[in-house]
Amino acid sequence: MEKDANRSTETHPRWVMVVDLDRCTGCQACVVACHAENNLQIVEEQESAYGRWAHWIIVQRYWEGEYPNVKARFMPVMCQQCGEAPCEPVCPVFATYHNQEGLNAQIYNRCIGTRFCASACPYKVRVYNWFDPVFPEPLSEQLNPDVTVRTRGIIEKCTFCIQRILRTEIEAKTEGRKPVDGEIQPACVQTCPPGALVFGDLNDPDSQASQLARSHRSFRLLPELGTDPGVIYLKGGETNV
Amino acid sequence: MSELASNRPEEANQGTEYEERLLLAEREDWEINQAVLQPMMQTGPGFWILVAVLGAIVAWGLYAWGYLIYWGMGSAGINRPVYWGLFITTFVFWVGISHAGTMISAVLRLLKVDWRRPITRGAEAMTAFALMMAGLYPLIHLGRVWKFYWMIPYPNNRFMWPNFQSPLMWDMVAIFTYLIGSTLYLYLALIPDMAMARDNTTHWRYKLYRVLALGWRGTEAEWHKLHRALGIFSIVIIPIFLSVHSIVSWDFAVTIQPRWHSTIFAPYFVIGAVYSGLAALASILVVVRRGMRLQEFLRGEHFDALGKLVLVAGMAWTYFWFAGFIVEWYGNEPVVRELIHEEVAGNLAPFFYLQMGANLIPLVLLVFKRIRTTPALLLVTTLLVNVGMYTERALIVAGSLQRNDLPFNWGTYRPTWVEISIVAMTFAGFALLYTLFSRIIPFVPVWEIKEGRLRYTVRRIGRLLVPTAAEIE
């Protein structure tokens, strides 16, 4: 990856998210924040149960142990912003591509809805618009003007709130500086009550995310697939902190 | 004429093999012309009822497609994680069916196999129509079908090429190439027969055939060029036909979805395509033979040979299936293990055993010559093959997607009326095109039959009548 000049290099940030599984309580606040920030449609209960829920981040719940010693384990999974993304080469119209900051960007207007990227994604985090979006009152009054509302028949997914990243970067640039660590906060990071989510630049060795990524607890999801994910998990359940 | 044709098969079944080949030798050229042209002209009420029924199914399917476009892809049964369902299954099925046409006419033409003669046109037409049906599915399954042209490379306001890294682009290129190639191939071999039809018909048919015959007169130079062109086409189209289904398989195999990510997929898909395509050809020939009273041309020996080919393709398919399955089973990777468990003993088990039964039982049946040469039995057997092959594709596409690396994302899939209607539309559409085709185009390649007849003569040696074969090709 380092050899490829278009990908993250020393001159560009590589945006990553650190998810501390010890801190996650499974409260779903990140999901709600994401819905509000990114104009995600509200899918009715029956459709959701049939696998058509439209969340860019979903708190996966796994049960551990046998009754009565059962533990619920929560794992928030959003687009892993892979460095070697399986979804990118398969798109026939370049609707999904890799930007210089390590983000796996999705261009809604280019998407024609082949769902090839979604089939190729091992994390199944890509969200398809099965129908035209519905926003029940009063949610229809609070759409975020910075984010487009997507039509039926296209794929969308977590962008790490690219609108927030770009806004902060532009503001910093006008002031002649670089964004400081922690200045950019995606909606889920901003909302997370226990502070389980940390966003930052992996190429900056001093950033909080970068430091956490070097923790002995850190792991990536499905590392055996070689996708080089941009989401770093901190193993839970062992440290008892 | 028609009475004459209908009482032929009994004679054909009684004779020995070389006598069957010589059956047409007693007939004059004009008699053969008439025997082919007559059923095209005579369309009874049964024909129009068939056309009406098929047309109604197509119309209903078009309504379902409109519904799908208007309301969104959610009116189909696909979901997360089964993003691809019956549409892609049926796409793979139709591309598979299209393969036998080339298999028969190009490969057998190159090998100078004699029994191919009466069935090449039916096979080539099957290729062209099946590809047309297959070509609909990449459009149908698009979320925004009105933007389909963004996949076509042309100078545009987006200043972009399509992504040639994407297997879908390879797919589109391969299918268009194959469609154009196979249509040209069908048409080339049609020209002398168009001229024959032109010389034997009147009114609108005459006008149509006059245009389609391209002024064919049957001179030595024309025949020479036709044979040359067919020879070149036969060779060129074989790599295309191999590549098309390989590329279709790579739609799946290049992803890292468990059970799709397999190197054997390309040859496995190609051989599966040949298996289902040859079986479909046998089914179609049995039906058309009865519907158009072509018993004189399509005889036991042809079904016998075709049945043997189906048998060989089926055994090869079984070998490839097993070679893929045993490695995945032995590898015992968690998700693959889960998928195999679902197939062998889980929710997918009915489909798995339907697939295995419908694909393997015909192999046992086709061993018997009686089954290969009895049209009704052959029809049942070959239909069974295609039931099995369709189920196999459904298991690969919609079955494999139900399990993936994160158990939270596992799911199920139930097709809706929209998907089933659209799938029915393409089956009816194929049958409709084929039915109409058989009334407009001579279904049996008359010139090839006459050519084959020239190869065989009967010589008298002393008191003995001996058939002889000449090298004329």
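Model, not experiment: these values are computed from the prediction.

Analysis parameters
Residues numbered from 1 in each chain as written. Chains lettered and ligands numbered in written order. Predicted model: local features only at pLDDT ≥ 70, side-chain atom pairs only at ≥ 80, totals over all residues. Helix = DSSP H or I, 4+ residues; strand = E, 2+ residues; numbered from the N terminus. Rg over C-alpha atoms; globule rule 2.2 N^0.38 Å. Buried ≥ 20, exposed ≤ 12 C-beta atoms within 10 Å, placed from the backbone. Pairing = 2+ DSSP bridges. Contact = placed C-beta atoms within 7 Å. Nonpolar A, V, L, I, M, F, W, Y, C, P; charged D, E, K, R; others polar. Expected span 1.5 Å × (residues − 1). pLDDT = per-residue confidence, 0-100.

### Structural notes on the overall build of chain A
No. 1: Across its full length, chain A holds seven helices and 10 strands.
No. 2: For 241 residues, the compact-globule formula gives about 18 Å, and the C-alpha radius of gyration of chain A, at 18 Å, lands near that figure.
No. 3: Dimensions of chain A, computed from the C-alpha atoms along their principal axes, are close to 55 × 45 × 35 Å.
No. 4: Across the 241 residues of chain A, 43% fall into the buried class.

### Let's talk about unusual backbone geometry
No. 1: The omega torsion of the bond from E137 of chain A to P138 of chain A falls at 0 degrees, within 30 degrees of zero and hence cis.
No. 2: Mapping P138 of chain A onto the fold places it in the loop between β6 (127–128) and β7 (155–156).
No. 3: With an omega of 5 degrees, the peptide bond running from R80 of chain B to P81 of chain B counts as cis.
No. 4: Looking at the element boundaries, P81 of chain B is found in the loop between α5 (45–71) and α6 (86–97).
No. 5: Located in the positive-phi region is L214 of chain B, a residue other than glycine, with phi close to 55 degrees.
No. 6: By the element assignment, L214 of chain B lies in the loop between α11 (203–212) and α12 (220–253).

### Quick notes on the pairing of strand β3 (residues 71–77) of chain A
Every other side chain in a regular strand lies on the same face of the sheet, so the side chains alternate between the two faces.
All names here are of chain A.
No. 1: In this structure, strand β2 (residues 58–64) lies alongside β3, joined through seven bridges in antiparallel fashion. Looking across to β3, one finds that E64 is bridged to K71.
No. 2: Here β2 folds back onto β3, and the loop between the two strands holds six residues, one of which, G65, carries a positive phi near 90 degrees.

### Focus on the environment of G200 of chain A
Residues and elements named next belong to chain A.
No. 1: With respect to the secondary-structure elements, G200 resides in strand β8 (residues 197–201).
No. 2: Residues G200 and Q185, spaced 15 residues apart in sequence, show a C-alpha to C-alpha distance of 8.4 Å.
No. 3: Once you skip the residues sitting within four places of it in the chain, G200 turns out to touch V16, D181, S207, Q208, A209 and S210.

### Some words on the interface of chain A and chain B
Often, the extent of an interface is quoted as the loss of accessible area upon association of its parts.
No. 1: Across the contact, 31 residues belong to chain A and 34 residues belong to chain B.
No. 2: With four residues, the top contributor of residues to the side of chain A that touches chain B is helix α4 (residues 116–120) of chain A.
No. 3: Here the side of chain A that touches chain B is built from residues that sort into 20 nonpolar, six polar and five charged.

### What about the sheet that holds strand β10 (residues 231–234) of chain A?
Residue and element names in this part refer to chain A.
No. 1: Pairing in this open sheet of four strands is mixed, and the strands run β8-β1-β10-β9 from one edge to the other. Both edges of this open sheet fall to β8 and β9 (218–219), since each of them pairs with a single strand only.
No. 2: Both β9 and β10 contribute to a ladder of two bridges, which runs antiparallel. Its bridge partner being in β10, F219 is matched across the sheet by Y233.

### Observations concerning the environment of T416 of chain B
Residue and element names in this part refer to chain B.
No. 1: Considering the arrangement of structural elements, one finds T416 in the loop between α18 (375–399) and α19 (417–440).
No. 2: A residue is classified by how many C-beta atoms lie within 10 Å of it, and T416, with 16 of them, is partly exposed.
No. 3: C-alpha separation for the pair T416 and E220, spaced 196 residues apart in sequence, amounts to 58 Å.
No. 4: If we ignore the near neighbours within four places in the chain, the residues touching T416 are S75, A76 and G77.

### A short note on α19 of chain B
Residue and element names in this part refer to chain B.
No. 1: Relative to the 34 Å expected for 24 residues at 1.5 Å per residue, α19 spans 34 Å between its end C-alpha atoms, a close match to the ideal helical length.
No. 2: Taken as a whole, α19 has its buried residues at V418, E419, I422, V423, M425, T426, A428, G429, F430, Y434 and S438.
No. 3: Its buried side turned inward, α19 meets α5, α6, α8 (120–140) and α13 (265–291).

### Considering the confidence of the model for chain B
Low-pLDDT stretches of the model should not have their predicted coordinates read in fine detail.
All names here are of chain B.
No. 1: Across chain B, the average pLDDT comes to 87, with 93% of residues at 70 or higher.
No. 2: A low-confidence stretch, residues 1–20 stays under pLDDT 50, and its non-local contacts, those more than four residues away or across chains, total 24 contacts.
No. 3: This complex was scored by the predictor with a pTM of 0.91 and an ipTM of 0.90.

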